[in-house]
Amino acid sequence: MRPITTAVPGLARLLPTLPTLAAMAILAAPAASQPCDGPLFPGQKFAAGDAPLSVSLGDLDGDGDLDMAVANNLSHDTSVLLNTGDGTFSAAASYAAGDRPWSVSLGDLDGDGDLDMAVANFRSDDTSVLLNNGDGTFAAQTRYAAGDSPQSVSLGDLDGDGDLDMAVANWTSDDTSVLVNNGDGTFMSHQRYGAGNGPSSVFLGDVDADGDLDMAIANAYSDDASVLLNIGDGTFASQQRYGAGDRPLSISLGDLDGDGDLDLVVASFNTGDTSMLLNNGDGTFAMETRYPSGNGPRCTSLADLDGDGDLDMAVVNDGTSVLLNNGDGTFTTETRYAAGDQPQSVSVADLNGNGTLDLAIANAFSDDISILFNQCTLPCPADLTADGVLNFFDVSAYLQLFHAQDPAADFNADGAVNFFDVSAFLTAFNAGCP
């Protein structure tokens, strides 16, 4: 069909015939899609190494789709699985790491435009850095000392110099290590900052809105979360502690209530729930609100899973629970989905290129990664007949609404139905459906 570029006078000439045409369109259309209250369904599994505990997603080979990096605890290595373009993956390539890798994160550490790997090694008390050769293969690791039993690594520009630094949660030494990047993917000796008892997870974000990255840490044995504010140069103030559930193992940051600041979500293994702590706007946090999240929650990730513009929760437990945001930072009852054997970690991204966010889950006992593909249908505002296709019938339906001055014709949501709405409709029409 030729693109619609008709100006308003041209469109107006169609108005006398609209009732019949629009009726035909509406009668021929299927029912509109329902709200997406169960977006994820089991997909496929892909073999990794021995006891994968962590999975991270990013475009490792520069072909425009998202690949997987996996930390394998018992085979002491990482697996790289390249996306074939449709959400299926090539056989894993293995790269040596330290002793008992527990966590992997991706970022451009040496500033050459591709994604490198940082791995927290639990038993060797260090981190491994594996630089990308530019094609999704990796150079041999370089190791950097951390604290005792590092269990989580997160990457971000902590000192504001434009490169990515490392923050590492150290389980046994009850602290976090900060390793500052020299600018070339090598790192300075770590500086340590006290946390709670048994730091299990570290997440970086600007919680006090001062322009630098702060640290949020889940403390498994003190049943709380630590927040350490960045002084502005990559050094940190003393922690502030906030109560969470029993044995928190994972922490994430995101704007859950839509007020522009970052809130906390903590997955607590023994209490079977996630704790949500809303930001007061200054980097301090309100008391927790808990949401049941399956048996033994051990990892949580935040993303807009149902396409409504707010952040939902994906929580790994015996399988995976999805809790949808009501739009105000409260959440629906969980919906559960199966994964592999002893799932440990979840990452979220559009893996099959259809515009919706899928889940990748690392399964420790089945030595594989489960991909759960998102079955939500993205909104397509110009598809007024809800048949998934933009054509003459959608134009007819819109013109009927416009002719009747129906509020539904207010495409730019300014409270009036006028020329600007016709222009907005045509822009959406020409953009097509996802």
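Refer to the structure printed above.
The structure contained in this document is the topic of the report that follows. (Residues numbered from 1 in each chain as written. Predicted model: local features only at pLDDT ≥ 70, side-chain atom pairs only at ≥ 80, totals over all residues. Heavy atoms only, no water.)

**Side note on the overall build of the protein chain**
Stage number 1. When you go through the protein chain residue by residue, the secondary structure sums to 4 helices and 28 strands.
Stage number 2. Computed over C-alpha atoms, the radius of gyration of the protein chain comes to 24 Å, within 12% of the 22 Å expected from 2.2 N^0.38 for 434 residues, which places it in the range of a compact globule.
Stage number 3. With the C-alpha coordinates of the protein chain rotated into their principal frame, the extents come out at 75 × 45 × 40 Å.
Stage number 4. In the protein chain, which comprises 434 residues, the share counted as buried stands at 53%.
Stage number 5. Taking the intrachain contacts of the protein chain between residues at least 6 apart in sequence as the baseline, contacts between residues at least 24 apart amount to 45%.
Stage number 6. Between the mean site of the 12 positive side-chain charges and the mean site of the 64 negative ones, the protein chain shows a separation of 9 Å. (Helix = DSSP H or I, 4+ residues; strand = E, 2+ residues; numbered from the N terminus. Rg over C-alpha atoms; globule rule 2.2 N^0.38 Å. Buried < 20%, exposed > 50% of the residue type's maximum accessible area, 1.4 Å probe, protein only. Contact = heavy atoms within 4.5 Å. Lys, Arg positive; Asp, Glu negative; His and termini not counted. Charge placed at Lys NZ, Arg CZ, Asp CG, Glu CD.)

**Some details on helix 3 (residues 392-403)**
Stage number 1. Over its 12 residues, helix 3 extends 16 Å from the first C-alpha to the last, a length consistent with the 16 Å expected when each residue adds 1.5 Å.
Stage number 2. The set of residues buried in helix 3 consists of Asp394, Val395, Ser396, Ala397, Tyr398, Leu399 and Phe402.
Stage number 3. Between the side-chain oxygen at the start of helix 3 and the backbone nitrogen of Phe393 there is a gap of 3.1 Å, and the oxygen is on Asn391.
Stage number 4. Looking one or two residues beyond helix 3, the residue adopting positive phi is Gln405, at roughly 55°. (Expected span 1.5 Å × (residues − 1). Polar contact = N/O pair within 3.5 Å; in protein donor to acceptor, adjacent residues only side chain to side chain.)

**Quick notes on the sheet that holds strand 21 (residues 289-292)**
Stage number 1. Strand order in the open sheet made by the 4 strands is 18-19-20-21, with antiparallel pairing throughout. Each of the sheet's edge strands pairs with one partner strand only, and the pair in question is strand 18 (248-254) and strand 21. Adjacent strand axes in the sheet meet at a mean angle of 25° when their direction is disregarded.
Stage number 2. Across 5 bridges, strand 19 (residues 263-268) lies against strand 20 (residues 273-277) in antiparallel orientation. The residue bridging Ser268 from the neighbouring strand is Asp273, located in strand 20. (Pairing = 2+ DSSP bridges. Axes fitted to C-alpha atoms, helices over the stretch in contact; angles between N-to-C directions.)

**Quick word on the nonpolar core**
Stage number 1. Val55, Met68, Ala360, Ile369 and Ile371 are the most contacted members of the largest nonpolar core, which has 15 residues in total.
Stage number 2. When contributions to this core are tallied by element, the ones reaching two or more residues are strand 2 (52-58), strand 3 (67-72), strand 27 (358-363) and strand 28 (368-374).
Stage number 3. If we ignore the near neighbours within four places in the chain, the residues touching Val55 are Met68, Ala69, Val70, Val104, Ser345, Ser347, Ala360, Ile361, Ala362 and Ile369. (Core = buried A, V, L, I, M, F, W, Y, C linked by side-chain atoms within 4.5 Å.)

**Quick look at the pattern of salt bridges**
Stage number 1. Tallied over the entire structure, the rule returns 7 salt bridges.
Stage number 2. Across the salt bridge formed by Arg143 and Asp126, the nearest N and O atoms sit 2.7 Å from each other. With Arg143 in strand 9 (residues 142-145) and Asp126 in strand 8 (residues 126-130), this residue pair connects regions lying 17 residues apart in the sequence.
Stage number 3. The class of Arg143 is partly exposed, set by a relative accessible area of 40%.
Stage number 4. When the shortest N-O distance is used, the salt bridge between Glu334 and Arg336 registers 3.1 Å.
Stage number 5. A relative accessible area of 16% means that Glu334 is categorised as buried.
Stage number 6. Note on Arg336: relative accessible area 54%, which makes it exposed.
Stage number 7. Through salt bridges with shared partners, a single ionic network connects Asp273, Glu288 and Arg290. (Salt bridge = Lys/Arg side-chain N within 4 Å of Asp/Glu carboxyl O.)

**Things to note about the side chain of Asp212**
Stage number 1. Take Asp212: it is sitting in the loop between strand 14 (199-205) and strand 15 (214-219).
Stage number 2. Despite its burial, Asp212 pairs with no opposite charge, the nearest such side chain being Arg241 at 20 Å.
Stage number 3. Discounting chain neighbours no more than four positions away, the residues touching Asp212 are Gly205, Asp206, Asn230, Ile231 and Gly232.

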